[in-house]
Amino acid sequence: MTDTPLTNWAGNYTYRAARWHRPDNLAELRALVRGCRKLRAAGTRHSFNALPDSTEDLVSLERMAPLMAIDRERQEVTVGAAVRYGELVRALYAAGYALPNLASLPHISVAGACATATHGSGDHNGNLATAVTALELVTADGEVVRLARAADGETFLGAVVGLGGLGVVTQLTLALEPAFDVRQDLYEGLALDQLEDHFDAVLGSAYSVSLFSDWRAARFNQVWVKRRVSAGEAYTPPPTLFGATLATGPLHPLPGASPINCTEQMGAPGPWHERLPHFRLEFTPSSGEELQTEYLVPRRHAVAALGALAGLRAQIAPLLQVAEIRTVAADLLWLSPCYGQAGVGLHFTWLKDWPAVSRLLPVIEAALAPFEARPHWGKLFTLPPERLQPLYARLPDFRRLLAQFDPAGKFRNDFLDTYLF
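Residue numbering note: each chain is counted from 1, following its sequence as written. Whole-chain, interface and lining totals are the exception, using all residues; otherwise, since this is a predicted model, local features are given only for residues with pLDDT of at least 70 and side-chain atom pairs are given and counted only at 80 or more. No hydrogens and no water enter the side-chain calculation; it runs on all heavy atoms of the structure.

Chemist: How should the overall build of the protein chain be read in this particular structure?
Modeler: The helix and strand inventory of the protein chain stands at 12 helices and 20 strands. Restricting the calculation to C-alpha atoms gives the radius of gyration, and the globule rule supplies 2.2 Å times the number of residues raised to the power 0.38. Over its C-alpha atoms the protein chain spans a radius of gyration of 21 Å, differing by no more than 12% from the 22 Å that the globule rule assigns to 421 residues. Split into buried and exposed, the 421 residues of the protein chain put 58% on the buried side. Pairs at least 24 residues apart make up 72% of the contacts formed inside the protein chain by residues separated by at least 6 positions. For helices the rule is a DSSP run of H or I covering at least 4 residues; for strands it is a run of E covering at least 2, with both sets numbered from the N terminus onward. Here's how the labels work: a residue is buried when its accessible area is under 20% of the maximum for its type, exposed when over 50%, partly exposed in between, all with a 1.4 Å probe on protein chains only. In this analysis, two residues are considered to be in contact whenever any of their non-hydrogen atoms come within 4.5 Å of each other.

Chemist: How should I be thinking about the sheet that holds strand β9 (residues 168–175) in this particular structure?
Modeler: Where strands meet in a sheet, backbone hydrogen bonds hold them as pairs that are either parallel or antiparallel. Across the sheet, which stays open at both edges, the 5 strands sit in the order β4-β5-β9-β7-β8 with antiparallel pairing between neighbours. Of all strands in the sheet, those with a lone pairing partner are β4 (68–71) and β8 (144–148), marking the two edges. Pairs of neighbouring strands in the sheet enclose a mean axial angle of 15°, with direction left out of account. In the sheet, β4 pairs with strand β5 (residues 76–80) via 4 bridges, with the strands oriented antiparallel. What sits directly across from A69, in β5, is T78. A strand pair is defined by DSSP finding two or more bridges across the two strands. Throughout, an axis means a line fitted to C-alpha atoms (over the contacting stretch in the case of helices), and angles, computed between N-to-C directions, take values from 0 to 180 degrees.

Chemist: Sorry, what's going on with the pairing of strand β18 (residues 320–328) here?
Modeler: Within a regular beta strand, the side chains point alternately toward one face of the sheet and then the other, so they alternate between its two faces. Most of β18 is tucked away: 9 of the 9 residues are buried. Sheet analysis places β18 next to strand β19 (residues 343–350), joined by 8 bridges and oriented antiparallel. Paired with R326 across the strands is G345, a residue of β19.

Chemist: What is the right way to read the sheet that holds strand β2 (residues 39–42) from this model?
Modeler: Read from one edge of the open sheet, 3 strands run β1-β3-β2, paired in parallel fashion. Each of the sheet's edge strands pairs with one partner strand only, and the pair in question is β1 (19–21) and β2. Recorded for the sheet is a direction-independent mean angle of 30° between the axes of neighbouring strands. Bridge count between β2 and strand β3 (residues 57–60): 4 bridges; the pairing is parallel. Its bridge partner lying in β3, A41 is registered against V59.

Chemist: Would you mind showing me how to read unusual backbone geometry here?
Modeler: In most cases, non-glycine residues show a negative phi, while peptide bonds are predominantly trans. Phi is positive for Q75, which is not a glycine, with a value near 55°. Exposure remark for Q75: the relative accessible area of 34% places this residue in the partly exposed category. One non-glycine residue, L163, lies in the positive phi region at around 55°. Topologically, L163 is positioned in the loop between α4 (149–159) and β9.

Chemist: I'm lost on the nonpolar core in this one. Help?
Modeler: When a protein is soluble and globular, its nonpolar side chains tend to lie buried together. Joining through side-chain atoms within 4.5 Å is the link that ties buried Ala, Val, Leu, Ile, Met, Phe, Trp, Tyr and Cys residues into a set, and such a set is a nonpolar core. L211, W215, W272, I316, L346, F348 and W350 are the most contacted members of the largest nonpolar core, which has 127 residues in total. For this core, the element with the most residues is helix α9 (residues 354–368), which contributes 6 residues. Non-local contacts of W215, meaning those with residues more than four positions away in its chain, are made with L192, F220, L306, L309, A310, R313, I316, A317, L320, A323 and F348. Within the second largest apolar cluster, 6 residues are counted, among which are Y15, W20, A42 and L58.

Chemist: Explain the pattern of salt bridges here, please?
Modeler: When their charged atoms lie close together, side chains carrying opposite charge are able to pair. By salt bridge we mean one thing: a side-chain nitrogen of Lys or Arg within 4 Å of a carboxyl oxygen of Asp or Glu. Applying the stated rule across the entire model yields 22 salt bridges. Salt-bridge contacts for R16 lead to D53; the nearest nitrogen and oxygen are separated by 3.8 Å. In this pair, R16 is assigned in the segment before β1 and D53 in the loop between β2 and β3, connecting sequence segments 37 residues apart. The buried category is assigned to D53, whose relative accessible area is 1%. Taking the shortest distance from any N to any O, the salt bridge between E143 and R30 comes out at 3.5 Å. Highlighted residues: E143 in the loop between β7 (132–138) and β8 and R30 in helix α1 (residues 26–35), separated in sequence by 113 residues. The partly exposed category is assigned to R30, whose relative accessible area is 25%. A network of salt bridges, in which partner residues are shared, links E154, R394, D397 and R400.

Chemist: Explain the packing of α4 against helix α11 (residues 395–405) here, please?
Modeler: How two helices sit against one another is set out by the angle between their axes and by the gap between those axes. Relative orientation of the contacting elements α4 and α11 amounts to 95°, with a least axis distance of 10 Å. Taken together, the axis directions place α4 and α11 in an arrangement best described as roughly perpendicular. Together, T155, G158 and A159 of α4 and F398, L401 and F405 of α11 make up the contact between the two elements. As a working rule, the residues Ala, Val, Leu, Ile, Met, Phe, Trp, Tyr, Cys and Pro are called nonpolar, Asp, Glu, Lys and Arg charged, and the rest polar, with Gly in that last group. A breakdown of the residues in the contact of α4 with α11 according to their chemical character gives 4 nonpolar, 2 polar and no charged. Any angle from 65 to 115 degrees is called roughly perpendicular, while one under 35 is roughly parallel, one over 145 is roughly antiparallel, and all others are oblique.

Chemist: Would you explain the pairing of β19 in this entry?
Modeler: In terms of burial, β19 is a largely internal element, 8 of the 8 residues being buried. The two faces of β19 match: G343, G345, H347 and T349 on one face and V344, L346, F348 and W350 on the other face are all buried.

Chemist: I'm lost on the environment of R63 in this one. Help?
Modeler: As for its position among the elements, R63 is in the loop between β3 and β4. Between the C-alpha atom of R63 and that of A82, which follows or precedes it by 19 residues, the distance is 8.7 Å.

Take it as geometry only, folks, not as evidence of what the structure does.
In structure tokens, the structure reads:
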């Protein structure tokens, strides 16, 4: 236990919890949960807002033994909640397995990423939570509950993206597939009008595609194309992609930053876990001094939403480090921003100037309002609850699920009370 104030990864949020706890095992965790009036669980502290915080008690599972148990017959892996993707993927690759997709950075915990519907990119790739087939959590009375996709149907679909509201998740089981290789080719200078005319062709040109822009002009500075390849496959990338030209050297998404922080590029085939993320586990991802915002819009609105953002270039560019566009497949997880519909993520990495960014976000949110933009749960937004709640058709069901699992509201905090209730 410690009373030393801690901040999130970017340093923009200081946790208010009166007490921090780091149990060594499940028995200690269960006793802790039983004895607390208000409790939240912290992952790797990559959220940019108050979602994981508590004014009373906050628990980290980082001291509990990291579980990584592969079931070869079922092609699944069960992991401890605090395990980071960067640690998990190396064990999976060594065993001959892969996850279908990864986020842009491998530094985040499995439980935290799944609880907030964090995602990678790819037309046919769902967010990271869609790989979950079962989870275990300690509920408000200290009991251990297991939920599985096959056995628990709608309750399971409501619990996976649970925002920490149902209990402290202690382990998750993820579906696996055989390991595969990926090559990463980069292009420079994709004009916005080319993207608008060929949106599906550009974003569907490979297994995973990401677009980066500084919004200083009507173009995307970089296109990162991640293509699955077979051993010995001969492939020559085209010299242009809808007017964008093949990069002649490795790049970082942030202009002028060293690409040494990034996963290997220039078309060199390599293991899935060393290409799907943008950043290496050994280095600080992105810039480290930043704020982040993301809105996910239904794919059918993507081109119109980009046009709306282009109209705000003069306001966005001075505060922006880089923006990223990614696609995410539809899913059935109740609080996922892609519930029932494919989505497009509009991501912003801002300068660390919250007063200025906080004035700009309502302008962006107003421009995106006609396109049903849903903010990423773990990033910064100013959308009021009365506008956010109607975007989630299953929110009433989720409230009932919270009442069932946590009738006294032990795991509720100001964030959940504000945006869900």
